[in-house]
Amino acid sequence: MGDKTIVTQVVSGAKSTAGGLRQGVQIRVDIFALVPYILLIALTATLVSLNSRLLSIQVLETKLNAALPLMFMTTAQALVILTGGIDLSIGGVLSLSTAIAATQMGETLDSIVMWSLIILLVGMAAGAINGLIVTYMRVTPFIATLATWSIWAGVALFVLPKEGGTIPRLLKEIVQRGRLLGLPKSVYILVLLIIFWLLIRRTRFGTRIYAVGSNANNAYLSGAPVKRTLIATYSLSGLLASMAGLYRTIQYSAGSPTAGDPFILTSAAAVIMGGMSLAGGRGGVVPSIVGAVILLLINDLIYFLGVSTFYTPMVQGVLLIMVVAIQSLGHYLRRRRAVQ
Amino acid sequence: MNRLLSIFKRNPTIVLAYVLAAAMVIIVSILRPGFGSITHLRSLAIEGAVIGLVALGQTVVIIGGGIDLSIPWMLNSAAILMTVFTRGQDSEMVWAIPLVLLIAAAVGLINGSAIAFLEITPIIMTLAMNAILLGIMAGVASGGLSIGYQHGAPPPIVLGLARNRILGLPAVVWVWGAFIVLASVILSFSGFGRRLYAIGNNPTAALYSGINVRRVRMLTYVLSAVMSAVAGIILAGKFGRAYLGMGEPFLFGSVAAVVVGGASILGGGGHYLGTVAGALILTVLTSLLPIFKLPAAAQNIVYGLVVLVMVYLAGLSRTSEV
């Protein structure tokens, strides 16, 4: 939420010299930015009213454990969408990470640390390659990452031809089992992810992500290193995707060469659900994570209503269209007011 | 004729794509004699026809500056509905096939009008539609709403499309041929084709020159949905059944065929004749893997690399013109 306010102010401040009149419009925009939070509260309230036992730390633990990979993937996707691109290759990177983790890691701490680092490096390198293709080969992000998705998925199939492998028990022990100060470890991981983003946003790199996304040409003219920013963003996206892969392997205690595929479109849907536009330059990571939670809660709601959860994608799709339609209504109203 | 030839002049990568496809077939036939046999080429042609038909709709949408990600489950829904409606009877096809195509057109109309009138980004709208169709199909199938025939066989006529031959070629290939001619004529010689390229190149300029941009854009999605349905029916005939998930490979396949065929994803360029070459390249590549004893994993890698290289080359030829 905070992200959105700041950015709309910066953007509209740069675009208009007449401040006073536009100020009124600003508040209206923020109402539309509230949509994901309203949905989140409404869904949670409905679920809790259906079953009050859902408000327990055990449920939070299992739910958050299941949700973390999507949250990492959504963050990865959100960063790239902020620059005005899209990253389909994060699915391939996730698959590749689970494949490497499930086949290579040994039971010793040394092996765990070494292979974790290798996996994160591979993810980052995969992202950097996307960035290079997008900036230096001038291939549109959609096609570039569609192609690299296919490539990484292929490499994952080479490493691990079918679902399987194992994960060292020690790693599961360190990352997932047990609690810290009474809270599940996944809570801390989520908090770290959000703090990580909030810190990045305050750096020069963070500002540049927004600058490149809202207008790459202007960013270039005002001296921002557009290409370097893009390459760094895609690298970060790959890094986050490999973290998601690592966590998913721990969660399932096994790897899968196609584990990443369902995340590709879901991560984009979560980002859109969080109120971001594919045009880039506006929105933030936190609402996107809220979007991911909404998508997951829909599944729970359908389950508790006694409907077959096979219908989940349908409800998610309808809700996604509704959210986007509300947003485009918002854009329309804003444009009309600007004309008046 | 000149207008068709000028397509190749304007898009040198289309020529390259055909040369590449032909060269691969010739080289591999020499290296591995079995590859060039008529039987094998026939089965390749069937594969190519299915990708080619799916990619027809995608080509039209991409020329108009959009993208259709709802193809996988539109195709799948059509295949399932067709087997359910006909219950394996030829006689039921009279109403079942038109009904399936009509349903597809309605889905395309929803996609198209949301994109054209509500101005929802194509990626999001079609992605959501794909999820909705997946949900409906999976939900109805799991609910067992008298859909038991879902795994049954399609009617003999549909089965025959992939199995019977007319003048030595599989019937599907003739169907594809007819669509190639039709699509080329529409793209190169009709007012719709001209308007389509115009809005793909510059929607604002197209609007100011009196083109009903919204209607053309909406129509592209209707066309894409109907073509996905046609391909779904044919694919059910090829596999001998319809099953959940049969459309999944075509999200990548349809986009890849279009961009390998030289069209720009930004719209306004390309031609279905290029996509045909793209579909042929993808088909030949897939068939090469077992011959060289490469695992299926290699297919993904090769597909990705081919897409990157062809898109890069197409970009080079486009910038060199300017």
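Everything quoted here is computed from the prediction, not taken from an experiment.

Rules and cut-offs
- Along each chain, the written sequence defines residue order, and numbers are assigned to residues from 1.
- Chains and ligands are labelled sequentially in the order written, the chains with letters from A and the ligands with numbers from 1.
- Residues qualify for local features only when their pLDDT is at least 70, as the model is predicted, and side-chain atom pairs are given and counted only at 80 or more; totals for whole chains, interfaces and linings, by contrast, use all residues.
- By the criteria applied, helices consist of DSSP H or I runs no shorter than four residues and strands consist of E runs no shorter than two, each listed in order from the N terminus.
- Any residue with 12 or fewer other C-beta atoms within 10 Å of its own C-beta is exposed, any with 20 or more is buried, and the rest are partly exposed; the C-beta atoms used are placed from the backbone.
- With C-beta atoms placed from the backbone, a contact is any residue pair whose C-beta atoms sit within 7 Å.
- Lys, Arg, Asp and Glu make up the charged group, whereas Ala, Val, Leu, Ile, Met, Phe, Trp, Tyr, Cys and Pro make up the nonpolar group; the residues left over, Gly among them, are polar.
- Geometry is summarised by axes, namely lines fitted to C-alpha atoms with helices restricted to the contacting stretch, and by angles between N-to-C directions that run from 0 to 180 degrees.
- Every angle not falling under 35 degrees, over 145, or within 65 to 115 is termed oblique; those three ranges are roughly parallel, roughly antiparallel and roughly perpendicular.
- The sense of a crossing depends on the near helix, which, turned anticlockwise from the far helix by less than a right angle, makes the crossing left-handed and, turned clockwise, makes it right-handed.

**Section: the overall build of chain B**
Next up, step 1: A count of helical and extended segments in chain B gives 14 helices and two strands.
Next up, step 2: Along the first, second and third principal axes, the C-alpha atoms of chain B reach 60 × 55 × 35 Å.
Next up, step 3: Residue burial in chain B is summarised as follows: out of 322 residues, 50% are buried.
Next up, step 4: Partitioning the contacts of chain B with sequence separation of at least 6, the portion at a separation of at least 24 is 76%.

**Examining the interface of chain B and chain A**
Next up, step 1: Contacts between chain B and chain A engage 39 residues on the former and 37 residues on the latter.
Next up, step 2: Listed by contribution, the elements that provide at least two residues to the side of chain B that touches chain A are α6 (122-143), α12 (249-260) and α14 (296-321) of chain B.
Next up, step 3: No other element matches the 15 residues that α6(B) contributes to the side of chain B that touches chain A.
Next up, step 4: Split into classes, the residues belonging to the side of chain B that touches chain A amount to 29 nonpolar, nine polar and one charged.

**Some remarks on the environment of V276(B)**
Residues and elements named next belong to chain B.
Next up, step 1: Residue placement: V276 occurs in helix α13 (residues 272-291).
Next up, step 2: With 29 C-beta atoms counted inside 10 Å, the residue V276 sits in the buried group.
Next up, step 3: Measuring from C-alpha to C-alpha, the distance between V276 and S254 comes to 11 Å, with 22 residues separating the pair along the chain.
Next up, step 4: Residues in contact with V276, not counting those within four places in the same chain, are G52 and I180.

**Considering the packing of helix α5 (residues 90-104) of chain A against helix α7 (residues 141-159) of chain A**
Residues and elements named next belong to chain A.
Next up, step 1: Interhelical geometry of α5 versus α7 gives an angle of 15 degrees and a closest axis separation of 7 Å. Between α5 and α7, the crossing angle belongs to the class labelled roughly parallel. The handedness of the crossing between α5 and α7 comes out as left-handed. Here G91, G92, V93, S95, L96, A99, I100 and T103 of α5 come into contact with α7, specifically with T148, W149, I151, W152, A153, V155, A156 and V159.
Next up, step 2: Taken together, the residues of the contact of α5 with α7 break down into eleven nonpolar, five polar and no charged.

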